[in-house]
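# Topology and contacts: notes
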Amino acid sequence: MKMRLNLGAISEPLQSEKLKTGDWGTEWAFVDKEKCTACKICEQFCPDGCIEVKEFEKEKFAVVDYQYCKGCGVCASVCPKEAIRMEIKELFKLEVC
Amino acid sequence: MMKVVRGFYSVAHAVKLCKPNVICAYPITPQTEIVENLAEMYANGELENCRYITAESEFAAASILVGASATGARTFTATCSQGLILMSEVLFNAAGMRLPIVIANPNRAISAPLSIWNDLQDSMALRDAGIIQLYVENNQEAHDAIPQAYKIAEDQRVLLPFMVCMDGFKLTHAYEPIDLLDQSVVDNFLPPFKPKAYMTTKKPLAFGCYAPPHVYMEFRVAMQNAMDRAKDLMEKVFREWTEVSGRNWGGHLEVIYPDSKLFVVAMGSIVGLLRKVVEDLRREGINLGLVKLRTFRPFPVEELRSYLGDAEKIIVLDRSISLGYEGNLSIELKSALYGFSAEIISMILGLGGRDLSKEFLENLIRNAIAGKEASGFKGAKDFEEVIP
Amino acid sequence: MKFFGRGHGACPGCGLTTAVRNVLNALDGRCFVANSTGCLEIISSQYGKNAWGVPYIHSLFDNTAAVACGISEALKALKREEEGKVVVLAGDGATADIGLTLHGMFDRNHDVIYICLDNEAYQNTGHQQSGLTPFGESTTTTPAGKLILGKMGRKKDMVAIAIAHGSPYVATSSAVLPADIRRKVKKAAGIEGAKYIQIHCPCVTGWGIDGKDVVKVGNLAIETALYPIVEFENGKLISVRKIKDRKPVEEYLKPQRRFRHLFTDPRGKEVIAEIQRIADRNAEKYGLDLKKE
Ligand SMILES: Cc1ncc(C[n+]2csc(CCOP(=O)(O)OP(=O)(O)O)c2C)c(N)n1
Ligand code: SF4
Ligand code: SF4
Ligand code: SF4
Ligand SMILES: [Mg+2]
């Protein structure tokens, strides 16, 4: 099939979402839903828009989208309840011998 | 309606009839009067659905039109010389973004030394930008060129900036009787600008994205293809214009005495004088033809080859030079006629407004045909350069 | 509908994207973005990988204000103004150095919200100095060496310049103050004319800081009075972010690689002392210190 090329390099919206940046970092953010008060501060700060307060049946708390989380730690640094901890990914937990 | 007007007015009036949405320019001699005339029309409420902006530079003027054109506005600017060169970063960009901005360029020499007078160096500097370039001979042709420029530039198959080049002062400030078009003629000829893709919150597209090596080249190919399509479309629009206006300006070229073996090739207002020169020289028994090149980009290679393929000698009158090489038009012509046997003599003349009289041109051509005039500068004085 | 997509290419912890997401949210995505060449453009607008969910245009490094004026005027001419506000997102280099079309925008007072994303150097091209690089910073074009300790010129006062132009609304903010950004952008959106908001955006790569420290460092810029958070309407100062216990500038400088030379070179002390005087003058000029009872 022939490649399609938009006139003048015009691009459709939000195509970046195809690119999963979740594998960029060595760490990921984890939310302790018990401590989380759903204040949404982390949401406003995350440079990658990948932590979001979600409503479940009985509870509301912040959820990280690991497809995109770059593990920068910004969210953890602003959470007033210390409900977010940064954890090194399994892949990097190699034992050095 | 026949009226004696000056060249700049013939352009401004035609622009008004095309109903642009955003006009933006910066004064520079001898362009200034074009935008002054438009400013006056704007101040008098003659331009509907239009915003006229006096920018703080030509660079800004062109940039404002990039934003406006991408938002779906029909746009116009006029500039020349230093102004055109100052715009150049933006104009290359506008072409790549495929924005059909229409530009009137009253050709003027480039500094240094500063000169407000005419030659074609300014538009030649933009040769590679992806802008369609049309050169006109007189003010009626300039007037007629504006609606045609919009029709061609805005066609979906083209979408490139369009520059109408007219000799500064020689045309812009000359009085000529002009058949000023009727609004209805232009309305019937030129459809409103309705781009398919433009900036709107209803469909949020991104313009001016950057292209990595795996795709950059294709965008340049696409521009070249658009130029090729423009070449065909222009012929069609030129013919259509003849039907609408009753005036035939020719195609990409106008060839006078095509059966000749000897030719003069030139662009712009000098052609008017050359018509008389050719008649007189023919009366002397010289079998001379004349090629008026109208379209410089896209360059009409096939047409030139078909008309000049059998020529023995071609005299190119160049009013600009690629310093370190030779006259711009000669370079182009030699490349187009590669493989043919015609001798091409390049005469660089008229730079910075240097006078070109009929006698001067006649002598040059006569001598060139007799083999007594080689390529080079014509009409320049002898001098010795010294450091003061 | 999202206004700025995930999957963009910014470094982890980049302040630009926090700022941008809050700007777009404040306008509910009803805006046209004109962006200059620079980090934000590169991380968001590769052909086919566009991150924007709002109409977006990138033209050049040096003409973004003018492009925005063109959009604004086209919307007026085409009677489409209700579609949204026109917003410039430009770097500090694009604003303070090469982007001279800013002045025409102010002069003619086009209806544009001009936002300068101030990461204090040309970060996209590898951390060269700009007019908004602060005194004493080591950049690749003002490197700290045996003779010279980084940039010896001052940070250009773009706020004063915008005010001098008669801009109806001029403010500063910071990527570490998302609510402040949103409030100021909303306010600017309600005012006709050419508005100017300068947002301090920590840059992990150029400043040499960790993502975890972005917010701390960004806040220290404010708490030391090196980045005054102010707001002007029609030239009148209407609000400042007060500082409770102003911190010495060392606290801000020390964690950042771009200022490290000030602590390793013995002459660094003098530079730090001068930076402290800059902070003191800022505090005095805008009345930043919260008076203790
Ligand atoms: C006319 C021109 N000169 C130089 C450049 C190279 N250039 C591209 S971006 C940039 C620096 C951008 O700095 P800034 O505006 O501060 O944005 P940042 O990347 O820091 O966010 C430079 C020098 C260019 N693109 N165009
Ligand atoms: S900042 Fe902390 S408490 Fe607030 S929503 Fe995020 S995780 Fe929950
Ligand atoms: S670690 Fe960074 S990218 Fe991941 S959720 Fe937190 S702020 Fe967002
Ligand atoms: S270099 Fe700095 S400004 Fe650029 S993307 Fe990285 S953190 Fe952001
Ligand atoms: Mg910068």
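Residues numbered from 1 in each chain as written. Chains lettered and ligands numbered in written order. Predicted model: local features only at pLDDT ≥ 70, side-chain atom pairs only at ≥ 80, totals over all residues. Heavy atoms only, no water.

### Quick look at the overall build of chain A
Which entries qualify depends on this criterion: By definition, any uninterrupted DSSP run of H or I lasting at least four residues is a helix, any uninterrupted run of E lasting at least two residues is a strand, and each is numbered from the N terminus. When accessible area is computed with a 1.4 Å probe and restricted to protein chains, residues below 20% of their type maximum are described as buried, those above 50% as exposed, and intermediate ones as partly exposed. Note on contacts: a residue pair is in contact if any heavy atoms of the two residues lie within 4.5 Å.
What chain A contains, in helices and strands, is 2 helices and 4 strands. When the elements of chain A are put in sequence order from the N terminus, they spell out β-α-β-β-α-β. Its C-alpha atoms put chain A at 50 × 45 × 25 Å along the principal axes. Here chain A holds 97 residues, and the buried ones make up 44% of them. Across chain A, the fraction of contacts at a sequence separation of at least 24, relative to all contacts at a separation of at least 6, is 66%.

### Here's the deal with the site of ligand 2
Spelled out, the test is: It suffices for a single heavy atom of a residue to lie within 4 Å of a molecule or strand for the residue to be listed as near it. Gly is placed with the polar residues, together with every amino acid not listed as nonpolar (Ala, Val, Leu, Ile, Met, Phe, Trp, Tyr, Cys and Pro) or charged (Asp, Glu, Lys and Arg).
All residues in the neighbourhood of ligand 2 are listed as C36, T37, A38, C39, K40, C42, V53, A62, C79, P80, K81 and I84 of chain A. Within the shell around ligand 2, the residues separate by chemical class into 9 nonpolar, 1 polar and 2 charged.

### With respect to the interface of chain A and chain C
For clarity, the cut-off: Computed with a 1.4 Å rolling probe, the buried area is the accessible surface lost when two parts are put together, summed over both parts. Salt bridges are defined as contacts in which a side-chain nitrogen from Lys or Arg sits within 4 Å of a carboxyl oxygen from Asp or Glu. We call two N or O atoms a polar contact when they sit within 3.5 Å, provided that within protein one can donate a hydrogen and the other can accept it, with sequence-adjacent residues counted only if both atoms are side-chain atoms.
Contacts between the two partners involve 33 residues from chain A, matched on the other side by 33 residues from chain C. Between chain A and chain C, a total of about 2,600 Å² is buried, with carbon and sulfur atoms accounting for 53% of that surface. For E17 of chain A, the salt bridge goes to K2 of chain C, with nearest N and O atoms at 3.8 Å. The interface formed by chain A and chain C includes 23 residue pairs in polar contact (both at pLDDT 80 or more). Sorting the residues of the side of chain A that touches chain C by element identifies α1 (41-45) and α2 (74-78) of chain A as the ones contributing at least two each. Partitioned by chemical class, the residues of the side of chain A that touches chain C number 15 nonpolar, 9 polar and 9 charged.

### Focus: helix α1 (residues 15-26) of chain C
Residue and element names in this part refer to chain C. Test applied: Here, expected helix span is obtained from the residue count minus one, scaled by 1.5 Å.
With 12 residues, α1 extends 17 Å from end C-alpha to end C-alpha; this agrees with the ideal 16 Å at 1.5 Å per step. Among the 12 residues that make up α1, 11 are buried, leaving the element largely enclosed by the rest of the structure. Looking one or two residues beyond α1, the residue adopting positive phi is D28, at roughly 55°.

### Regarding the environment of Y307 of chain B
Its location among the elements puts Y307 of chain B in helix α10 (residues 301-308). Excluding residues within four positions of it along the chain, Y307 of chain B makes contact with L253, V255, P258 and F263 of chain B.

### A closer look at the coordination of the magnesium ion (ligand 5)
Residues and elements named next belong to chain C. Definition in use: Keep in mind that water is not among the atoms, so a site may look incomplete; donors are the N, O and S atoms within 2.8 Å of the metal, or 3.2 Å for Na, K and Ca.
Coordination of the magnesium ion (ligand 5) by the protein comes from D92 (OD), N119 (OD1) and A121 (O), over a distance range of 2.0 to 2.1 Å. Read N to C, the donor residues that coordinate the magnesium ion (ligand 5) are spaced as D-x26-N-x1-A. Look at A121 and you get buried, because its relative accessible area is 3%.

### Thoughts on the domain arrangement of chain B
Residue and element names in this part refer to chain B. Short version of the rule: Domain delimitation follows an automatic or database domain assignment.
Along its sequence, chain B is organised into domain 1 (2-245) and domain 2 (253-386). On a C-alpha basis, the centres of domain 1 and domain 2 stand 27 Å from each other. Taken together, the contacts link 26 residues of domain 1 with 29 residues of domain 2. In terms of surface lost to domain 2, no three residues of domain 1 exceed R127, E137 and K231, which account for 28% of the buried area on that side. Taken together, domain 1 and domain 2 are joined by 7 salt bridges. R127 is the salt-bridge partner of E332, the closest N and O atoms lying 3.6 Å from each other. Remark: the boundary between domain 1 and domain 2 carries 17 residue pairs in polar contact (both at pLDDT 80 or more). Within the residue set of the side of domain 1 that touches domain 2, elements represented by two or more residues are α5 (121-124), β6 (132-135) and α8 (213-245). At 6 residues, α8 tops the list of elements feeding residues into the side of domain 1 that touches domain 2. Broken down by class, the residue content of the side of domain 1 that touches domain 2 amounts to 14 nonpolar, 4 polar and 8 charged.

### Focus: the sheet that holds strand β5 (residues 102-107) of chain B
Residue and element names in this part refer to chain B. For clarity, the cut-off: The rule for pairing is simple: two strands pair if DSSP sees at least two bridges between them. To get an axis, fit a line to the C-alpha atoms, keeping to the stretch in contact for a helix; angles then go from 0 to 180 degrees between the N-to-C directions.
In space, the 7 strands of this open sheet follow the order β3-β2-β4-β5-β7-β6-β13, with mixed pairing throughout. Of all the strands in the sheet, just β3 (51-54) and β13 (295-297) have a single pairing partner and so form its edges. Between one strand axis and the next, the sheet turns through 20° on average, direction left out of account. Sheet strands touched by helix α6 (residues 139-153): β4 (75-78), β5, β6 and β7 (162-167). Its angle to β7, the strand with the most contacts, is close to 170°.

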